[in-house]
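Residues per chain, in single letters:
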Amino acid sequence: AQRVTQPEKLLSVFKGAPVELKCNYSYSGSPELFWYVQYSRQRLQLLLRHISRESIKGFTADLNKGETSFHLKKPFAQEEDSAMYYCALSGLDDYKLSFGAGTTVTVRA
Amino acid sequence: EADIYQTPRYLVIGTGKKITLECSQTMGHDKMYWYQQDPGMELHLIHYSYGVNSTEKGDLSSESTVSRIRTEHFPLTLESARPSHTSQYLCASMGRMGNTIYFGEGSWLTVV
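All figures in this text were calculated on a predicted structure; none of them were measured in a lab. (Residues numbered from 1 in each chain as written. Chains lettered and ligands numbered in written order. Predicted model: local features only at pLDDT ≥ 70, side-chain atom pairs only at ≥ 80, totals over all residues. Heavy atoms only, no water.)

J.: How should the overall build of chain A be read in this particular structure?
T.: Looking only at helices and strands, one finds 0 helices and 11 strands in chain A. In sequence order, chain A lays out its α and β elements as β-β-β-β-β-β-β-β-β-β-β. By the compact-globule yardstick of 13 Å for 109 residues, chain A fits well, its C-alpha radius of gyration being 13 Å. Principal-axis analysis of the C-alpha atoms places the extent of chain A at approximately 40 × 30 × 25 Å. The 109 residues of chain A split such that 47% are buried. The contacts in chain A between residues at least 6 apart in sequence include a share of 58% that link residues at least 24 apart. Of the roughly 5,500 Å² that chain A leaves accessible, carbon and sulfur atoms contribute 49%. Once the 14 positive and 11 negative side-chain charges of chain A are each reduced to a mean point, those two points are 5 Å apart. (Helix = DSSP H or I, 4+ residues; strand = E, 2+ residues; numbered from the N terminus. Rg over C-alpha atoms; globule rule 2.2 N^0.38 Å. Buried < 20%, exposed > 50% of the residue type's maximum accessible area, 1.4 Å probe, protein only. Contact = heavy atoms within 4.5 Å. Areas by Shrake-Rupley, 256 points an atom, 1.4 Å probe, with all protein chains shown as cover. Lys, Arg positive; Asp, Glu negative; His and termini not counted. Charge placed at Lys NZ, Arg CZ, Asp CG, Glu CD.)

In structure tokens:
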């Protein structure tokens, strides 16, 4: 069975400080990992996916298969980064997407 | 405009009532999903569909049922609502290319 774990429910950082959201997963095959974000009063939307290897809004995430982790990082947090962040996983041949419990990020001025 | 629509957005109903949550997408996506999410908690997949006349139960057991008679439409029905069904229900869809899921705005259901 596939499972996604986000150990932190709440994360508070100051503007300009680095932020890292942890995500660990368990999956028997080759997973595809994602980060989704939900800003206040907006719908859930894709932030980034590991196969794209891109940086979105200054965020990056590296898939570490040895540690089964996909942590999300940003070197300098901005107030507009305050949101709920969900890590998600699907198999490459399976289109079921499983989500973690989410981490609420608050960036303080 | 290509999008995914959910109605109603908010609903308060009495115990024992039958309710159908509507979900429609205009993107031509073949895969559609229903997630259930309590406030501040994780999303749980309760139903999904890979195409017309295809429906599967998700990871979380649910008393709701779904149908997929048309590609664009994936309604969710509760035959007899109970207070334990109070939650947010999110509909989503995915196209043939890639694994990006697009979410609707959600339907907040309160059963009193």
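J.: Explain the interface of chain B and chain A here, please?
T.: Interfaces are often sized by the accessible area lost when the parts come together. Contacts between the two partners involve 22 residues from chain B and, on the opposite side, 20 residues from chain A. Where chain B abuts chain A, roughly 1,800 Å² becomes buried across the two surfaces, and 48% of that area is made up of carbon and sulfur atoms. A salt bridge links Arg 43 of chain A to Asp 3 of chain B; the nearest nitrogen and oxygen atoms lie 2.8 Å apart. The tally of links between chain B and chain A comes to 6 residue pairs in polar contact (both at pLDDT 80 or more). (Buried area = accessible area lost by both parts, 1.4 Å probe. Salt bridge = Lys/Arg side-chain N within 4 Å of Asp/Glu carboxyl O. Polar contact = N/O pair within 3.5 Å; in protein donor to acceptor, adjacent residues only side chain to side chain.)

J.: Would you take a moment to explain the sheet that holds strand E7 (residues 65-66) of chain B for this structure?
T.: Note: strands within a sheet are paired through backbone hydrogen bonds, in either parallel or antiparallel orientation. Residue and element names in this part refer to chain B. Taken together, 4 strands build an open sheet; the order of strands is E1-E3-E8-E7 and the sheet is antiparallel. Where the open sheet ends on each side, the last strands, each with one partner, are strand E1 (4-7) and E7. Bridge analysis of E1 against strand E3 (residues 19-25) gives 4 bridges, and the strand direction is antiparallel. Paired with Thr 7 across the two strands is Glu 22, which belongs to E3. (Pairing = 2+ DSSP bridges.)

J.: What is the right way to read the nonpolar core from this model?
T.: Nonpolar side chains tend to gather and get buried jointly when the protein is soluble and globular. In terms of nonpolar packing, the biggest core is built from 24 residues, with Leu 21, Trp 35, Leu 47, Leu 48, Phe 70, Leu 72 and Tyr 85 of chain A touching the most fellow members. The biggest single contributor to this core is strand E9 (residues 83-91) of chain A, with 4 residues. Dropping the residues within four chain positions of it, Leu 21 of chain A is found in contact with Glu 8, Leu 11, Trp 35, His 71, Leu 72, Tyr 85, Thr 103 and Val 105 of chain A. Counting 18 residues, the second-largest nonpolar core is a separate cluster that includes Leu 44, Tyr 86 and Phe 99 of chain A together with Leu 43 of chain B. (Core = buried A, V, L, I, M, F, W, Y, C linked by side-chain atoms within 4.5 Å.)

J.: What should I look at first to understand the environment of Leu 33 of chain A in this one?
T.: Residue and element names in this part refer to chain A. Tracing the backbone through its elements, the reader meets Leu 33 in strand E5 (residues 31-38). Residue classification places Leu 33 among the buried residues on the basis of a relative accessible area of 0%. Spatially, the C-alpha atom of Leu 33 lies 5.6 Å from that of His 50, the residues being 17 residues apart in sequence. Among residues more than four places away in sequence, those in contact with Leu 33 are Tyr 25, Arg 49, His 50, Leu 63, Phe 70, Cys 87, Ala 88 and Leu 89.

J.: How should the side chain of His 47 of chain B be read in this particular structure?
T.: Residue and element names in this part refer to chain B. Along the chain, His 47 falls in strand E5 (residues 43-51). Given a relative accessible area of 3%, His 47 falls into the buried group. For His 47, the side chain forms a polar contact with the side chain of Ser 64, separated by 2.9 Å. Ignoring anything within four residues of it in the chain, the contact list for His 47 reads Met 32, Tyr 33, Trp 34, Glu 56, Lys 57, Gly 58, Ser 62, Ser 64, Thr 65, Val 66, Phe 74 and Leu 76.

J.: Looking at this structure, I do not really get the sheet that holds strand E3 (residues 19-21) of chain A. What am I missing?
T.: The strand order across the open sheet built from 3 strands is E3-E8-E7 (chain A), with neighbouring strands paired in antiparallel fashion. The strands lining the two open edges of the sheet, one partner per strand, are E3 and strand E7 (60-61) of chain A.

J.: Help me understand unusual backbone geometry in this model?
T.: In most cases, non-glycine residues show a negative phi, while peptide bonds are predominantly trans. A cis geometry characterises the amide bond from Thr 7 of chain B onward to Pro 8 of chain B, with omega recorded as -10 degrees. Within the fold, Pro 8 of chain B resides in the loop between E1 and strand E2 (10-13). Located in the positive-phi region is Arg 41 of chain A, a residue other than glycine, with phi close to 65 degrees. You can see Arg 41 of chain A is positioned in the loop between E5 and strand E6 (45-49). Here Arg 41 of chain A falls in the exposed class, since its relative accessible area comes to 85%.

J.: Help me understand the packing of aromatic side chains, please; the structure alone is not making it clear to me.
T.: The geometry of an aromatic ring pair comes down to the distance between the two centres and the angle between the two planes. Counted under the stated rule, the structure contains 10 aromatic pairs over all chains. Ring centres of Phe 99 of chain A and Tyr 35 of chain B lie 5.3 Å apart, and the angle between their planes is 90 degrees; on these two criteria the pair is classed as edge-to-face. Of this pair, Phe 99 of chain A sits in strand E10 (residues 98-99) while Tyr 35 of chain B is found in strand E4 (residues 31-37), placing the two residues in two different chains. For the pair Phe 99 of chain A and Tyr 35 of chain B, one class covers both residues: buried. Just above the ring of Phe 14 of chain A sits the side chain of Arg 108 of chain A; from NZ or CZ to the centre is 4.3 Å. One Lys or Arg, Arg 68 of chain B, reaches over the ring of Phe 74 of chain B and ends 5.9 Å from the middle of that ring. (Phe/Tyr/Trp six-rings, centres within 6.5 Å; stacked < 30°, edge-to-face > 60°. Lys NZ or Arg CZ within 6 Å of the ring centre and 35° of its normal.)

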